[in-house]
Amino acid sequence: TPALVLSDVMMPQLDGFGLLRALRADPATESVPLILLSARAGEEARIEGLRAGADDYLVKPFNARELLARVAAVVA
């Protein structure tokens, strides 16, 4: 089981929200922290990601230090 899943929202065939639903539906992965990455900025996009069950939602572009800080906060 992974310690964390980091997924882009915009992916072919299975988007980040579909992946999130699949992980949350499986008892083996339902509690694995998931951070969504997206170019969709704005309050509504972040709220949509968090309401869908993501542990965090990070808007691109972002810097490596911010990503590492968010990962540390989620897996700590």
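Residues numbered from 1 in each chain as written. Predicted model: local features only at pLDDT ≥ 70, side-chain atom pairs only at ≥ 80, totals over all residues. Heavy atoms only, no water.

1. As for the overall build of the protein
Selection rule: Here a strand is any run of E in DSSP of at least two residues, a helix any run of H or I of at least four, and the numbering for each starts at the N terminus. We call two residues in contact when some of their heavy atoms are within 4.5 Å.
Scanning the protein from terminus to terminus reveals 3 helices and 3 strands. Starting at the N terminus and walking to the C terminus, you meet the elements of the protein as β-α-β-α-β-α. Its C-alpha atoms give the protein principal-axis dimensions of roughly 30 × 30 × 20 Å. Long-range pairs, those at least 24 residues apart, make up 44% of the contacts in the protein between residues at least 6 apart in sequence.

2. Remarks on the sheet that holds strand β2 (residues 34–38)
Basically, it comes down to this: Strand pairing is assigned whenever DSSP detects at least two bridges linking the two strands. Angular values range over 0 to 180 degrees, each being the angle between N-to-C directions of two axes fitted as lines to C-alpha atoms, with helices fitted over their stretch in contact.
If you trace the 3 strands from one edge of the open sheet to the other, you get β1-β2-β3, paired in parallel fashion. One side of each edge strand has no neighbouring strand; the edge strands of this open sheet are β1 (5–8) and β3 (56–59). Ignoring which end each strand starts from, the neighbouring axes of this sheet average 25° apart. Of the pairings in the sheet, the one linking β2 to β3 comprises 4 bridges and is parallel in character. Opposite Leu36, over in β3, you have Tyr57 as the bridge partner. Contacts from helix α3 (residues 64–75) reach β1, β2 and β3 within the one sheet, and its direction differs from that of β3 by about 175°.

Function cannot be read off these values alone, since they describe shape.
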